[in-house]
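# An overview of the molecular structure
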Amino acid sequence: NQNKRVESVIRAVGSSDVLREHCRYHVVGLVTDQERERLKAVARAVSFQKLRITGEVSDRVLRAEIEAAGLICCLRWPVLAGGSVSAVEAMLSGRPVIVTDAGFARDLPDDLVFKVDPQREVGALTSQLTRLVSDPALRVAVGAQAAAWAKGAFSVDAYVARLVPLLEEVARLRPTLSAAAHFGHLFADLGLLPDDPAVE
């Protein structure tokens, strides 16, 4: 899925001698043979030799890959979903997480994830990766802080605390919404347009 920006990560690593030397990039998840070959060609073009594309793996292997990771990229552009389970799981793992500064990830605390501007993606990725590769203590500290925050923010209790008031508000507004829908259908049957004075 090209919106996960794997090519951009490869290009970012390939743009820096330091990153090419110190980074290994494991791409884990479902991938077509055509996309695998395309990404390998991109890596060859930027002289990056430490790309590994596993394809789809079991939960056990995925857990092992996460535990072996020094950091995790959860990039999405364009943003196609309202949330990111992979970003939440990455934060919970205690690894530093690089995210696109857009959609769900934009609302994550700036001091707990490493954000990348999608309009200057490769340069921003190179900068964030260089920062993280050169500072192991930063990786450990931010990863631990992000995990602690995510355990509270994305817990069942936190979810219920936000959901229950919403459900109560929907229940309170249900008669109003039903009346609005009823009159909306009547106006439509009469052929009235939304800007007709009768609708107001």
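Bear in mind that the values here come from a model prediction, so they are computed numbers and not experimental data. Residue numbering note: each chain is counted from 1, following its sequence as written. Where local features are concerned, this predicted model is filtered to residues with pLDDT of at least 70; where side-chain atom pairs are given and counted, the filter is 80 or more; whole-chain, interface and lining totals use all residues. Note that the side-chain values use all heavy atoms of the structure and ignore hydrogens as well as water.

Below, the discussion takes up helix α5 (residues 85-92). Side chains three or four residues apart in an α-helix point the same way, a direct result of the helix having 3.6 residues per turn. The cut-offs for exposure are 20% and 50% of the maximum accessible area for each residue type, with area from a 1.4 Å probe on protein chains only; residues under the lower value are buried, those over the upper are exposed, and the others partly exposed. Segments assigned H or I by DSSP are reported as helices when at least four residues long, segments assigned E as strands when at least two residues long, and all are numbered from the N terminus. For α5, every residue scored as buried is listed here: Ala-87, Val-88, Ala-90 and Met-91. Down the axis of α5, the smallest arc covering the buried residues is 160°, so these residues share one side. Residues of α5 that are buried make contact with β3 (72-74), β4 (97-100), α6 (103-106) and α8 (136-153). Directly beyond the C-terminal end of α5, a positive phi value near 85° is found at Gly-94. Along the arc lie the directions from the helix axis toward the C-beta atoms. Whether two residues are in contact is decided by their heavy atoms, any of which lying within 4.5 Å being enough.

Before going further, it helps to examine the environment of Arg-76. Here Arg-76 shows up in the loop between β3 and α5. Overall, Arg-76 belongs to the partly exposed group, its relative accessible area being 22%. Arg-76 has contacts with Asn-3, Lys-4, Arg-5, Ser-86 and Thr-100, leaving out every residue within four places of it along the chain. Within the structure, Arg-76 has its side chain in polar contact with the side chain of Ser-86 (distance 2.9 Å). Pairing of N or O atoms within 3.5 Å defines a polar contact, subject to two protein rules: one partner must be a possible hydrogen donor and the other a possible acceptor, and residues neighboring in sequence count only if both atoms are side-chain atoms.

In this section: a nonpolar patch on the surface. Like charges within 9 Å and nonpolar side chains (Val, Leu, Ile, Met, Phe, Trp, Tyr) within 5 Å are joined into patches, using only residues over 30% in relative accessible area that form no salt bridge. Surface exposure here means Shrake-Rupley accessible area, sampled with a 1.4 Å probe, where a residue is shielded only by the protein chains that are shown. Any Lys or Arg side-chain nitrogen located within 4 Å of an Asp or Glu carboxyl oxygen qualifies as a salt bridge. A cluster of nonpolar side chains, contributed by Val-156, Tyr-159, Val-160 and Val-164, occupies part of the molecular surface with about 370 Å² of accessible area. Here Tyr-159 shows up in helix α9 (residues 156-189).

This brings us to the pairing of strand β2 (residues 51-55). When DSSP locates at least two bridges between a pair of strands, those strands are taken to pair. With 4 bridges connecting them, strand β1 (residues 25-28) and β2 associate as parallel partners. Counterpart to Val-28 in the pairing with β2 is Gly-55. Handedness of a crossover is defined as follows: orient the strands so they point away from the viewer, and if the path from the first strand over the helix to the second runs clockwise, the crossover is right-handed. Taking the sense of rotation as the criterion, the β-α-β connection linking β1, helix α3 (residues 33-45) and β2 turns out right-handed.

Another aspect to go through is the pattern of salt bridges. Tallying each qualifying case throughout the model produces 10 salt bridges. One salt bridge in this structure joins Glu-7 and Arg-11, with 2.9 Å as the shortest N-O distance. Placement of the pair is Glu-7 and Arg-11 together in helix α1 (residues 6-14), with a separation of 4 residues, close to one helical turn. Looking at Glu-7, the relative accessible area reads 24%, which means it is partly exposed. With a closest N to O distance of 2.2 Å, Asp-17 and Arg-20 form a salt bridge. Placement of the pair is Asp-17 and Arg-20 together in helix α2 (residues 17-22), with a separation of 3 residues, close to one helical turn. By relative accessible area, which is 58% here, Asp-17 ends up exposed. Looking at Arg-20, the relative accessible area reads 23%, which means it is partly exposed. Each member of the salt-bridge network shares a partner with another, and the members are Glu-7, Arg-11, Glu-35 and Arg-38.

Turning our attention to the sheet that holds β3. Backbone hydrogen bonds are what pair the strands of a sheet, in a parallel or an antiparallel way. As summarised here, the arrangement of the 3 strands in space is β3-β4-β5, forming an open sheet in which the pairing is parallel. Among the strands making up the open sheet, the edge pair consists of β3 and β5 (114-116). Mean inter-strand twist for the sheet, computed between neighbouring axes without regard to direction, equals 25°. Here β4 runs beside β5; their pairing, made up of 3 bridges, is parallel. Of the residues in β5, the one forming a bridge with Val-99 is Lys-115. Across the sheet, helix α7 (residues 121-133) touches β4 and β5, and the angle it forms with β5 is around 160°. Axis definition: a line fitted to C-alpha atoms, limited for helices to the stretch in contact. Angles are taken between N-to-C directions and run from 0 to 180 degrees.

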